[in-house]
Amino acid sequence: MDKLPSADVARRFGYSAGGFRVLCHAFRRGGLPEFFAATRPGRHDQPKKSRAHDQIVALRKRNYSVYEISQTLKEQGMALSATAVREVLAAEGFAPLPRRLDEERPVRIGPNAQAVANVGDFVLSPREFTTRMGGLFLFVPDLVRLESDALAQAAKLPGSRMVPSAHALRAALALKLWAIERKSHIMALVADEGLALFCGLNAMPKKSFLSEYSSRITPQKVAHLLALWHARVSGDLFAGESLNLDFHSVPYFGEHPLVESHYLAKRSRRQPSILVFLAQDADAQVFCYANADIRKGEEADEIFRFIDFWKRQHGKAPQHLVFDSKLTTYAGLDRLDAAGITFLTLRRRSPKLLAEVANLPASAWRTVELDIPHRKYRNPRFYEQKARPLQRAYRQFYITDLGHDEPTILLTNDQRSTIKNLFTRYAKRMLIENALADAVRFFHIDALSSSVGFKVDFDMALLVLASGLYRLMARRMRGYDDAQARQIFRDLIDMPADVAITDNEITVRFHRRAHLPIVLASGLFDKPIKVPWWDGRSLRLIQ
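Read on for a plain summary of the structure. (Residues numbered from 1 in each chain as written. Predicted model: local features only at pLDDT ≥ 70, side-chain atom pairs only at ≥ 80, totals over all residues. Heavy atoms only, no water.)

**Let's talk about the overall build of the protein**
On a plain count of helices and strands, the protein comes out with 19 helices and 15 strands. Reported as C-alpha extents along the three principal axes, the dimensions of the protein are approximately 105 × 80 × 40 Å. The contacts in the protein between residues at least 6 apart in sequence include a share of 65% that link residues at least 24 apart. (Helix = DSSP H or I, 4+ residues; strand = E, 2+ residues; numbered from the N terminus. Contact = heavy atoms within 4.5 Å.)

**Some words on helix α13 (residues 330–338)**
Of all the positions in α13, only Gly-332, Leu-333, Asp-334 and Leu-336 are classed as buried. As for α13, its buried residues are in contact with α12 (302–314), β6 (320–323), β7 (342–346), β10 (394–400) and β11 (408–412). Of the residues one or two after α13, Gly-340 is the one with positive phi, at around 75°. (Buried < 20%, exposed > 50% of the residue type's maximum accessible area, 1.4 Å probe, protein only.)

**A closer look at empty space enclosed by the protein**
On inspection of all chains with the given rule, the structure shows 2 cavities of 30 Å³ or more. Computed from the structure, the largest cavity encloses a volume of approximately 80 Å³. Around the largest cavity sit Leu-143, Leu-146, Ser-148, Leu-151, Leu-169, Arg-170, Leu-173, Trp-229, Leu-465 and Leu-469, which together line it. Sorting elements by how many residues they give to the lining of the largest cavity places helix α8 (residues 165–177) first, with 3 residues. Among the residues forming the lining of the largest cavity, the class breakdown is 8 nonpolar, 1 polar and 1 charged. (1 Å grid on protein atoms, 1.4 Å probe; cavity = no way out; pocket = protein on both sides within 12 Å on 5 of 7 lines; lining within 4 Å. Points joined across faces, edges and corners; volume = space filled by probe spheres on them. Nonpolar A, V, L, I, M, F, W, Y, C, P; charged D, E, K, R; others polar.)

**Observations concerning the layout of surface pockets**
The computed volume of the largest pocket comes to approximately 820 Å³. If you go around the largest pocket, you meet 25 residues; those closest to its centre are Asp-246, Phe-247, Ser-249, Tyr-263 and Ala-265. Here the lining of the largest pocket is built from residues that sort into 10 nonpolar, 5 polar and 10 charged.

**Details of the nonpolar core**
Within the largest apolar cluster, 131 residues are counted, with the highest numbers of intra-cluster contacts made by Leu-245, Leu-321, Leu-336, Tyr-470, Ile-493 and Trp-534. With 14 residues, helix α17 (residues 456–476) is the single largest residue contributor to this core. The contacts of Trp-534, once residues within four sequence positions are left out, are Phe-122, Leu-124, Phe-137, Leu-197, Phe-198, Gly-200, Ile-506 and Leu-539. Counting 15 residues, the second largest nonpolar core, distinct from the first, contains Val-322, Leu-410, Tyr-426 and Ala-427. (Core = buried A, V, L, I, M, F, W, Y, C linked by side-chain atoms within 4.5 Å.)

So, to be careful, I would describe these as geometric facts and stop short of saying anything about function.
Here it is in structure tokens:
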């Protein structure tokens, strides 16, 4: 090829002319690897495979699978991956093992297979046992009084011959009452006889049942369940004089085309999540409503769906609503005012409003003292004026010295309440923030992952029921009226107990604890309670 034009050489060897000139340029400057380099043959054997070769063949002849061989080698100090084991077996001509029966597999230590939940196998034969979940039986009197069996049937919750609807509801509710973080964690408790007895079953349903069960519950059934719950506890829990409203985003850690992105305050970013609307009775400090069936663009109207729900259950609209600025729009505020519903809300701090606050003279500000014990900022300064965000005029307050860097702007159509009462009421709105924090930490409303499917709207309904049961429990216990659920659980519910089943009754004897005298004085131990899902046998709580 010497002395020939580069285009001719390139054409003979299948290069483009430009590409061949680039190769020549790189060759002259030493930019190409050495030509005719002699290779250095290296080791062709693999020490780990060679050392374990005979053992791999011996184990396969004993009908061990690839993964069982890899685990056995690891236990013998010759760690080898399943892929490497498979390569050795393929080189020796072994075919893959066919699917084997359980009795054909090598005997290895593993978890025990627990009984399948079946109400037909539920037998109250005389016996005694100890349960670590004895505190659950403290909720049985309220579940009997509130007719939990009839509640599940009236709500038309799904059920089966083996696990009826009432038993399935109690099983799901028990996990919420015991603060189990994920439904998959029930596998650590399925052998506890006390948990199964609480549900009225021979064994606790497993995680696969709970996941499948929740997927059969539609939003309409969830709304019906909440409506029936209101009908049973309105006289005990829901005064409805003033309600706190808020949104909460439950993060979603999977990929789903229908899951939209919402803002998560604790992460300061938007990510796939389920938007939940929650309502809390300010006096009882208990959740009374939840809805997770909300799509983007429907947030502003969710407050009116809640008002319609409240009217259907109580015959009238809620008297007083307190919420944040992002809950609805100014048009929504005008609708509330036109309907005669009193509200108290924040207004967003626009640059125009902040400039107006900055230009106010010092003489325009007044000071008020808040009657909130233990509050650090009890003497805020304020300025009141009339404001018309859209069509209707409201009372507007600029407030400083509340511990925030920027002023707080309150907006209300309440023309009768004093300034002191208005500020005190909004300061107490933090109750729903505290309740949400308690729900996240204790009831684990954020611990819903894509790997263990559990419908968020049904989980929120369980939150409403569980928080109500905890509030009813707190009212019985001296000194726990305002305690949060996690404190009640830690002091009073998390107790082991000895259970004795006889022909006439079931006796629960709690182990000694520091707070047991408070439980004994609650009145739950005064007389036995007949439990319908225990074939009419009575529950007796003793010390």
